[in-house]
Amino acid sequence: MPEATIWSVGGYAPPHIITNEMLSHRMDTSDEWIRTRTGIHERRTAGDDETTASVSVNAGQAALQAAHFDAADLDWVIVCTDTPEMWSPATACFVQESLAASHASAIDLTGGCAGFLQTLQIMSPLAAAGKRLLVIGTELLTHALNWNDRTTAVLFGDGSSAFLLGPSDEGVPGIRIGLGLSRSDGAQSDILGKPFGGTRFPITPDVVLEGRLHTIRMEGPKVFKHAVTLMSDIGRRVVQEASLGLEQIDWIVPHQANQRIIDAVTHQVGIPTDRVFSHVAKFANTGSASIGLAMADMLEQHLIKPGQRLLSVAFGAGFSWASQLFYVDQIPPCEFRHDGQPA
Ligand SMILES: CC(C)(COP(=O)(O)OP(=O)(O)OC[C@H]1O[C@@H](n2cnc3c(N)ncnc32)[C@H](O)[C@@H]1OP(=O)(O)O)[C@@H](O)C(=O)NCCC(=O)NCCS
């Protein structure tokens, strides 16, 4: 039976670098506080001329060019994001047009920071069945931040990543998508999110003026606790259900939210730290883009080798959490665009 395979990977980290030091001139925080609580040193922000669609196009083009794949041969363009171009139409439609994916259907999916893995799990059967998909995870989270709220503003960054997916039986080498699981608990929807701006809490002038409630809100300690417990649990379950042992996992590729969360999951799962990838220091939390950006960076650094097994774990608003196994048959081509300079 053919399986869904990652034929190529694209990544785009927007050009403007904002260091912790720069943030400390803008709000009551410090490089030392941010580093010790989160492991983050800097994050990227998109330029004034960039939007969710344009950064998605950048990552999508990187994946297509790496594979020398013609966008006209795509069946689907999917953008996974919590920070869309607009309410309607879907961001993916703008991306489809810009990429000239002339035969593709385009749709957005939203799942918080676990959304990229959830999207892969929904879309993998289509790729296994012979469709060619461009799955893009993008966030412009710095557009959704309250820059007066130091408890959230220091955590997030902008970015985009893309996987070109197809079936495993067409002679295109790559990373096979294995067993994945995901879960959600809507009873925890209030601990992390951007509640205003939808139909339940429309944006009014008062909302904007009184509390900037149209921005991300988070109960940090609760999110931390759920993230560690639920990611550890679902990661172990995926390994077990795939009849593997943890010693057979070569790399954990976690959602890049916070180094302390990554360390706690590493400890709880019981896997050596040198098998856990992190670049949260450089890019902070890029939401739906995070896992794909991590993979792009690992491929660029030649950390991923043929024959390896990777396990991703993610969590985010919803509350949702997910885990996904990947089998590296061969190294897929990758283009990671990440030149940056201080904003
Ligand atoms: C946000 C987080 C780093 C806060 O760390 P913490 O150790 O729990 O810190 P606390 O919330 O207990 O706050 C401790 C103090 O630091 C202060 N503080 C918060 N943010 C600060 C900042 N950026 N700079 C300086 N001080 C800050 C708080 O106001 C508090 O001060 P107080 O004791 O005088 O009230 C942590 O809860 C966390 O990582 N949560 C998960 C966040 C996450 O990953 N979200 C994304 C999910 S996809």
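Residues numbered from 1 in each chain as written. Predicted model: local features only at pLDDT ≥ 70, side-chain atom pairs only at ≥ 80, totals over all residues.

Going by the annotation in an unreviewed UniProt entry, the name recorded for the chain is Ketoacyl-ACP synthase III, with Sulfobacillus acidophilus given as the source organism. Under the Sequence similarities (unreviewed entry) heading, UniProt states for the chain: "Belongs to the thiolase-like superfamily. FabH family." (UniProt positions renumbered as here; feature names shortened; annotations may be inferred.)

In this section: the overall build of the chain. Looking only at helices and strands, the chain features 11 helices and 15 strands. A compact globule built from 343 residues should have a C-alpha radius of gyration of about 20 Å, and the chain, at 19 Å, falls within 12% of that. Expressed as lengths along the three principal axes of its C-alpha atoms, the size of the chain is roughly 55 × 45 × 40 Å. Looking at the chain residue by residue over its 343 residues, the buried ones come to 52%. Considering only contacts in the chain between residues 6 or more positions apart, those separated by 24 or more positions represent 80%. (Helix = DSSP H or I, 4+ residues; strand = E, 2+ residues; numbered from the N terminus. Rg over C-alpha atoms; globule rule 2.2 N^0.38 Å. Buried ≥ 20, exposed ≤ 12 C-beta atoms within 10 Å, placed from the backbone. Contact = placed C-beta atoms within 7 Å.)

Now for the domain arrangement of the chain. In terms of domain boundaries, the chain breaks down into domain 1 (4–175) and domain 2 (179–329). Within the residue set of the side of domain 1 that touches domain 2, elements represented by two or more residues are β1 (4–12), α2 (31–38), β3 (42–45), α5 (115–128), β6 (133–140), α6 (150–153) and β7 (158–167). (Domains from an automatic or database assignment.)

Attention now goes to unusual backbone geometry. Of note, the bond from S88 into P89 is cis; its omega dihedral lies within 30 degrees of zero at 5°. Mapped onto the fold, P89 is located in the loop between β4 (76–80) and α4 (91–99). Residue F319 is reached from G318 by a cis peptide bond, and omega for that bond is -5°. Within the secondary structure layout, F319 lies in the loop between β12 (309–316) and β13 (320–328). Positive phi outside glycine occurs at S243, with the angle close to 55°.

Under the UniProt annotation, the feature "domain: Beta-ketoacyl-[acyl-carrier-protein] synthase III C-terminal" (unreviewed entry) is placed at residues 240–326. Between the end C-alpha atoms of residues 240–326 the distance is 14 Å, and the span holds 32% helix and 22% strand.

Glancing now at the site of the ligand. Around the ligand, the surrounding shell holds 21 residues, and the nearest of these are T29, R150, G220, F224 and A257. Contributing elements (two or more residues each) for the shell around the ligand: α2, α6 and α8 (220–241). Grouping the amino acids of the shell around the ligand by side-chain chemistry returns 12 nonpolar, seven polar and two charged. If you count residues domain by domain, the shell around the ligand takes at least three from each of domain 1 (4–175) and domain 2 (179–329). (Near = placed C-beta within 6 Å. Nonpolar A, V, L, I, M, F, W, Y, C, P; charged D, E, K, R; others polar.)

Using the residue numbers shown here, the UniProt feature "domain: Beta-ketoacyl-[acyl-carrier-protein] synthase III N-terminal" (unreviewed entry) corresponds to residues 107–170. With 28% helix and 33% strand, residues 107–170 has its two end C-alpha atoms placed 25 Å apart.

By size, the foremost hydrophobic cluster in this structure holds 104 residues, and its most contacted members are A63, V77, I78, V95, V135, L165 and A314. Among the elements that line this core, the one with the most residues is helix α3 (residues 52–67), at nine residues. Counting contributing residues per domain, this core is built from domain 1 (4–175) and domain 2 (179–329), each supplying no fewer than three. With sequence-adjacent residues up to four places away left out, A314 is seen in contact with C113, A114, F116, L117, H255, I291, W321 and A322. (Core = buried A, V, L, I, M, F, W, Y, C linked by C-beta atoms within 7 Å.)

On to the pairing of strand β11 (residues 251–254). Here is the key point about a regular strand: its side chains alternate between the two faces of the sheet. A two-sided burial pattern is seen for β11, the buried positions comprising W251 and V253 on one face and I252 and P254 on the other. Relative to β12, β11 is paired through four bridges, and the arrangement is parallel. By the bridge assignment for β12, P254 is matched with V313. (Pairing = 2+ DSSP bridges.)

Here we take up the sheet that holds strand β2 (residues 16–19). Strand order in the open sheet made by the three strands is β3-β2-β15, with mixed pairing throughout. For this open sheet the edge positions go to β3 and β15 (341–342), each flanked by a neighbour on one side alone.

Here we come to α3. The terminal C-alpha atoms of α3, which comprises 16 residues, lie 23 Å apart, in line with the 22 Å expected from a rise of 1.5 Å per residue. Counting buried positions along α3 yields 15 of 16 residues, so the element is predominantly enclosed. Just beyond α3, the residue with positive phi is H68, at close to 50°. (Expected span 1.5 Å × (residues − 1).)

As for its placement among the helices and strands, A104 is situated in the loop between α4 and β5 (105–109). Take A104: there are 25 C-beta atoms within 10 Å of it, and that puts it in the buried class. Sequence separation between A104 and G10 is 94 residues; the distance between their C-alpha atoms is 19 Å. Residues contacting A104, with those up to four places away along its chain left out, are L74, D75, W76, V77 and Q96.

What follows covers the packing of α8 against helix α9 (residues 259–269). Where α8 meets α9, the axes come as close as 9 Å, and the angle between the chain directions of the two elements is 40°. If you check the angle between α8 and α9, you find them oblique. Taken as a pair, α8 and α9 cross one another with a handedness that is right-handed. Contacts between α8 and α9 involve F224, A227, V228, M231, S232, G235 and R236 from the former and I261, A264, V265, Q268 and V269 from the latter. The residue inventory of the contact of α8 with α9, partitioned by class, reads eight nonpolar, three polar and one charged. (Axes fitted to C-alpha atoms, helices over the stretch in contact; angles between N-to-C directions. Parallel < 35°, antiparallel > 145°, perpendicular 65-115°, else oblique. Left-handed = near helix turned anticlockwise from the far one by under 90°.)

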